[in-house]
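Geometric and topological summary
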Amino acid sequence: MIKSKDGEVILDGSGEDLLIEATSIVINVIQALLEEDCIEAKDVPKIINNLTQLITEHTLPNNNEYN
């Protein structure tokens, strides 16, 4: 389970379960942004690529393959 309290993220569960939950949250946010016309459907692949790049930069800072 992923919780946020007082600006801190609290994680409870296996890494795989937490990643699945986090992915579900991201999908829900993207869907909400689409429904509210904050983003366009054609931009979703670019948004996902940008998220992937940010995740890579923050988790594998020495991995030059993705830079």
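Residues numbered from 1 in each chain as written. Predicted model: local features only at pLDDT ≥ 70, side-chain atom pairs only at ≥ 80, totals over all residues. Heavy atoms only, no water.

Observations regarding the confidence of the model for the chain
- Looking at the chain as a whole, its pLDDT mean stands at 91, while 90% of the residues score no less than 70.
- Within the chain, no element has a lower average pLDDT than helix H2 (residues 44–59), which sits at 93, and none a higher one than helix H1 (residues 15–35), at 96. (pLDDT = per-residue confidence, 0-100. Helix = DSSP H or I, 4+ residues; strand = E, 2+ residues; numbered from the N terminus.)

Quick look at the pairing of strand S1 (residues 2–5)
- Here S1 runs beside strand S2 (residues 8–11); their pairing, made up of 4 bridges, is antiparallel. From the neighbouring strand, Lys 5 faces S2, where its bridge partner is Glu 8.
- Between S1 and S2, which pair antiparallel in sequence order, lie 2 residues; one of them, Asp 6, sits at a positive phi of approximately 55°. (Pairing = 2+ DSSP bridges.)

Considering a nonpolar patch on the surface
- Together, Val 26, Leu 51, Leu 54 and Ile 55 make up a nonpolar patch on the protein surface, roughly 330 Å² of accessible area in all.
- For the nonpolar patch, the element with the most residues is H2, which contributes 3 residues.
- Note that Leu 51 resides in helix H2.
- Assessed through its relative accessible area of 34%, Leu 51 is described here as partly exposed. (Patch = residues over 30% accessible without salt bridge, like charges linked within 9 Å, V, L, I, M, F, W, Y side chains within 5 Å. Areas by Shrake-Rupley, 256 points an atom, 1.4 Å probe, with all protein chains shown as cover. Salt bridge = Lys/Arg side-chain N within 4 Å of Asp/Glu carboxyl O. Buried < 20%, exposed > 50% of the residue type's maximum accessible area, 1.4 Å probe, protein only.)

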